[in-house]
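Each chain, letter by letter, is given below.
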Amino acid sequence: MNLFRSEEHVERWLGRTGLEAGATITAGRLCELAHAWWSDRLAPSWRPRSREASQAILERLGLTGPFWQLAEE
Amino acid sequence: MDEAELRIRNHIYRRFVELGRAPRFAELSAELPGVEFEPALRRLHEFHAVVLEDDRRELRMANPFSAVPTHHRVEAGGRSWFANCAWDAFGIPAALHVDGHISSECLDCGETIEIDVRGGQAVPDEHLFHVAVPAAHWWDDIVFT
């Protein structure tokens, strides 16, 4: 889960490592995702989030399809 | 995860924020007198509420915070922390509900990437984030992920 300067840099890194391409989103979208995902983390009332609730966060940001399907609990 | 375990979990996060690093087991022992915190930490690890080191009795992660240095450094609210990954780097200002600054690097070329988080938005926002591991396997090896 890393940052790259551009798509060209992602592709060059994938070619060098031999890893299959995963998913790429902009830093802007990642920031939105992080705020939806982590904003409750320091609340004293924090409780573990269900898989369904986490999946719903991904879906709200358009992160759908098999790659973004979380593991069954 | 029971209420006692959640209290220990909340204590760890509070100390992580205060210290700018992970509380060590020896510190937790002193700060939580009479509390059997190690079995609780094992349970919290099983629930992915914290991540323990494989080879020693210390914390590795309390996501989004990292207990070990990484190439994702975050400044927020006048303090700084290491994040586990780029996602977590954005997660630190989000968790603290403040603006922040992320210093990371392009994993391909190593060039520094500096991004501000202002009002919940990334500035600039055009750098790319790549995740190689499908979501169903993120916790198979969370350190690699």
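The sections below set out a description of the structure shown in this document. Just so you know, these numbers come straight off a predicted model, no measurement behind them.

### A few points about the interface of chain A and chain B
Taken residue by residue, the interface counts 35 residues in chain A and 42 residues in chain B. Among the elements that make up the side of chain A that touches chain B, the one with the highest residue count is helix 2 (residues 27–38) of chain A (eight residues). Residues that form the side of chain A that touches chain B fall into these classes: 21 nonpolar, ten polar and four charged. Bridge analysis of strand 2 (residues 23–26) of chain A against strand 9 (residues 128–131) of chain B gives four bridges, and the strand direction is antiparallel. Residue Thr24 of chain A lies in a different strand from strand 9 of chain B, and its bridge partner there is His130 of chain B.

### Digging into the pairing of strand 2 (residues 59–62) of chain B
All names here are of chain B. Note that strand 1 (residues 51–52) and strand 2 share two bridges and pair antiparallel. Note that in strand 2 the partner of Val51 across the bridge is Met61. Between strand 1 and strand 2, which pair antiparallel one after the other, the connecting turn spans six residues. Taken together, strand 2 and the strand that follows it, strand 3 (residues 65–66), pair antiparallel across an intervening segment of two residues.

### Some points on the sheet that holds strand 2 of chain A
Pairing in this open sheet of three strands is antiparallel, and the strands run 1(A)-9(B)-2(A) from one edge to the other. Each edge of the open sheet is held by one strand with a lone partner, namely strand 1 (2–4) and strand 2 of chain A. The average angle at which neighbouring strand axes cross in this sheet is 35°, direction not considered.

### Remarks on helix 4 (residues 86–96) of chain B
Because each turn of an α-helix spans 3.6 residues, side chains separated by three or four positions end up pointing in the same direction. Residues and elements named next belong to chain B. Burial analysis of helix 4 places eleven of its eleven residues in the buried class, which makes it a mostly covered element. Among the residues making up helix 4, those that are buried are Ala86, Trp87, Asp88, Ala89, Phe90, Gly91, Ile92, Pro93, Ala94, Ala95 and Leu96. Backbone geometry just downstream of helix 4 places His97 in the positive-phi region, at approximately 60°.

### Concerning the nonpolar core
Counting 51 residues, the largest nonpolar core has Leu30 and Ala34 of chain A together with Ala62, Phe90 and Ile92 of chain B as its most contacted members. Ranked by residue count, the leading element in this core is helix 4 of chain B, at eight residues. Among residues more than four places away in sequence, those in contact with Ala34 of chain A are Trp87, Phe90, Gly91 and Ala94 of chain B.

### With respect to the sheet that holds strand 1 of chain B
All names here are of chain B. Within the open sheet, the eight strands sit side by side as 1-2-3-5-4-6-7-8. Their pairing is antiparallel. The open sheet is flanked by strand 1 and strand 8 (121–123), the only strands paired with a single partner. As defined by bridge partners, strand 7 (residues 112–118) adjoins strand 8 across three bridges and the pair is classed as antiparallel. Along strand 8, the bridge assignment pairs Arg118 with Gln121.

### Overview of the packing of helix 1 (residues 3–19) of chain B against helix 3 (residues 37–46) of chain B
Two numbers describe a pair of packed helices, the interaxial angle and the distance between the axes. Residue and element names in this part refer to chain B. Closest axis-to-axis distance for the helix 1/helix 3 pair is 10 Å, and the angle between their directions is 90°. The angle between the axes of helix 1 and helix 3 places the two elements in the roughly perpendicular class. Residues Ala4, Glu5, Ile8 and Arg9 of helix 1 touch helix 3, and the partners they reach there are Phe37, Ala40, Arg43 and Leu44. Residues that form the contact of helix 1 with helix 3 fall into these classes: five nonpolar, no polar and three charged.

About the criteria used
Positions within a chain are numbered from 1, following the residues in the order the chain's sequence is written. Here chains are named by letter from A upward and ligands by number from 1 upward, in the order in which they appear as written. pLDDT decides what is reported in this predicted model: residues at 70 or higher carry local features, side-chain atom pairs at 80 or more are listed and counted, and totals for whole chains, interfaces and linings draw on all residues regardless. Two residues qualify as being in contact provided that their C-beta atoms, derived from the backbone, are within 7 Å of each other. Comment: elements are numbered from the N terminus, with helices defined as DSSP H or I runs of at least four residues and strands as E runs of at least two. By the convention adopted, Pro, Cys, Tyr, Trp, Phe, Met, Ile, Leu, Val and Ala count as nonpolar, Lys, Arg, Asp and Glu as charged, and the other residues, Gly among them, as polar. Pairing between two strands is assigned when DSSP locates at least 2 bridges connecting them. Inter-axis angles, ranging from 0 to 180 degrees, are taken between N-to-C directions of lines fitted to C-alpha atoms, where helices are fitted over the stretch in contact. Counting other C-beta atoms within 10 Å of a residue's own tells you its class, since 20 or more makes it buried, 12 or fewer makes it exposed, and anything in between is partly exposed; those C-beta atoms are placed from the backbone. Here, a nonpolar core means buried Ala, Val, Leu, Ile, Met, Phe, Trp, Tyr and Cys residues linked by C-beta atoms lying within 7 Å of one another. Should an angle fall under 35 degrees it is called roughly parallel, over 145 degrees roughly antiparallel, and 65 to 115 degrees roughly perpendicular, with every other angle called oblique.

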